[in-house]
Amino acid sequence: MARPKLDGAHTPELLVDLEESVREFADLLDRARGQWTASRPGKWTAGQHAEHVAILLGTFADALEQAERRIEDGPAPPRPHRGFLQRLIVRLLTGAKFPRGGRSPVRGLPLSEPDRRATLARLRGESARFRALLERLSPEERDQLWIPNPLVSFRWHYTLPEVLRVQAAHTRHHCQLVREIGLG
């Protein structure tokens with residue numbers, strides 16, 4: 001199956017992919033109910049992976065909702081130019097395989113013992129915010145919406161379709177890390 005293009009016309013397909021990735025991850029964690037605190041030596045627990053994903057979904061949903069408010073009175077400001085390094089990073093993060101070995105930004109770090117019920121509810125709730133956002137936007141607004149990367153201090157941006165693809169890939173990446181703990 002071909003991956004959807006990264007444009008406003010394909011945001012519904014990209015959204016479905018994000019929702020499927022979250023459902024897959026949450027279902028894995030539901031099946032491994034008693035292993036919420038399992039981890040590989042020196043690595044995050046299954047629960048910490050889930051909380052990390054939920055935090056970042058919320059962080060990006062917040063940024064997109066803020067950008068949406070900026071375009072309510074007219075078209076979005078033009079997207080900034082991307083330099084070579086920025087284009088390369090975005091291409092890597094929106095590619096077929098999410099890169100391994102990166103460190104979480106401080107604002108994405110999970111608690112040492114996240115609450116299972118609250119974390120799973122947050123994971124599902126943050127995913128639902130993306131659907132609500134897309135339902136409020138016209139196809140033209142979906143093409144206009146962009147955000148500065150909320151995780152880094154240097155200037156680089158994501159379009160709405162890029163956010164959807166990156167978050168789906170990021171969720172699947174952590175789902176795989178949880179499977180490597182021995183769950184699923």
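A few points on the structure. Remember, it's a predicted structure, so these values are computed and weren't measured experimentally. (Residues numbered from 1 in each chain as written. Predicted model: local features only at pLDDT ≥ 70, side-chain atom pairs only at ≥ 80, totals over all residues. Heavy atoms only, no water.)

### Quick word on the packing of aromatic side chains
So, step 1. Tallied over the entire structure, the rule returns two aromatic pairs.
So, step 2. Between Phe 60 and Tyr 158 the ring centres are 5.7 Å apart and the planes differ by 65°, which places this aromatic pair in the edge-to-face class. In this pair, Phe 60 sits in helix H2 (residues 46–71) while Tyr 158 sits in strand E2 (residues 157–159), placing the two residues 98 residues apart along the sequence. When sorted by exposure, Phe 60 lands in the same class as Tyr 158, which is buried.
So, step 3. The structure contains a cluster of three or more aromatic residues connected by ring pairs, namely Phe 60, Trp 156 and Tyr 158. (Phe/Tyr/Trp six-rings, centres within 6.5 Å; stacked < 30°, edge-to-face > 60°. Helix = DSSP H or I, 4+ residues; strand = E, 2+ residues; numbered from the N terminus. Buried < 20%, exposed > 50% of the residue type's maximum accessible area, 1.4 Å probe, protein only.)

### Some details on the side chain of Thr 94
So, step 1. Considering the arrangement of structural elements, one finds Thr 94 in the loop between helix H3 (84–93) and helix H4 (116–136).
So, step 2. Setting aside residues up to four positions removed in sequence, Thr 94 forms contacts with Arg 3, Leu 6, Glu 162, Arg 165 and Val 166. (Contact = heavy atoms within 4.5 Å.)

### A word on the layout of surface pockets
So, step 1. Here the largest pocket is characterised by a volume of approximately 1,000 Å³.
So, step 2. Among the elements that take part in the lining of the largest pocket, helix H6 (residues 160–181) stands out by supplying eight residues, more than any other.
So, step 3. A breakdown of the residues in the lining of the largest pocket according to their chemical character gives 17 nonpolar, 11 polar and five charged.
So, step 4. A volume near 460 Å³ is recorded for the second largest pocket.
So, step 5. Elements supplying a minimum of two residues to the lining of the second largest pocket: helix H1 (11–31) and H6.
So, step 6. Looking at the lining of the second largest pocket element by element, the count peaks at seven residues for H6.
So, step 7. Grouping the constituent residues of the lining of the second largest pocket by class yields 10 nonpolar, three polar and eight charged. (1 Å grid on protein atoms, 1.4 Å probe; cavity = no way out; pocket = protein on both sides within 12 Å on 5 of 7 lines; lining within 4 Å. Points joined across faces, edges and corners; volume = space filled by probe spheres on them. Nonpolar A, V, L, I, M, F, W, Y, C, P; charged D, E, K, R; others polar.)

### Some details on H4
So, step 1. For H4, which comprises 21 residues, the first-to-last C-alpha distance of 31 Å matches the rise-based estimate of 30 Å (1.5 Å per residue) to within 8%.
So, step 2. A side-chain oxygen of the first residue of H4 lies 3.4 Å from the backbone nitrogen of Arg 117; this N-cap is Asp 115. (Expected span 1.5 Å × (residues − 1). Polar contact = N/O pair within 3.5 Å; in protein donor to acceptor, adjacent residues only side chain to side chain.)

### Comments concerning the nonpolar core
So, step 1. By size, the foremost hydrophobic cluster in this structure holds 43 residues, and its most contacted members are Leu 123, Phe 130 and Tyr 158.
So, step 2. Every element with two or more residues in this core is listed here: H1, H2, H3, H4 and H6.
So, step 3. The greatest single-element share of this core, amounting to 11 residues, is contributed by H2.
So, step 4. Excluding anything up to four places from it in sequence, Tyr 158 contacts Phe 60, Arg 82, Val 90, Leu 93, Trp 146, Ile 147, Asn 149, Val 163 and Val 166. (Core = buried A, V, L, I, M, F, W, Y, C linked by side-chain atoms within 4.5 Å.)

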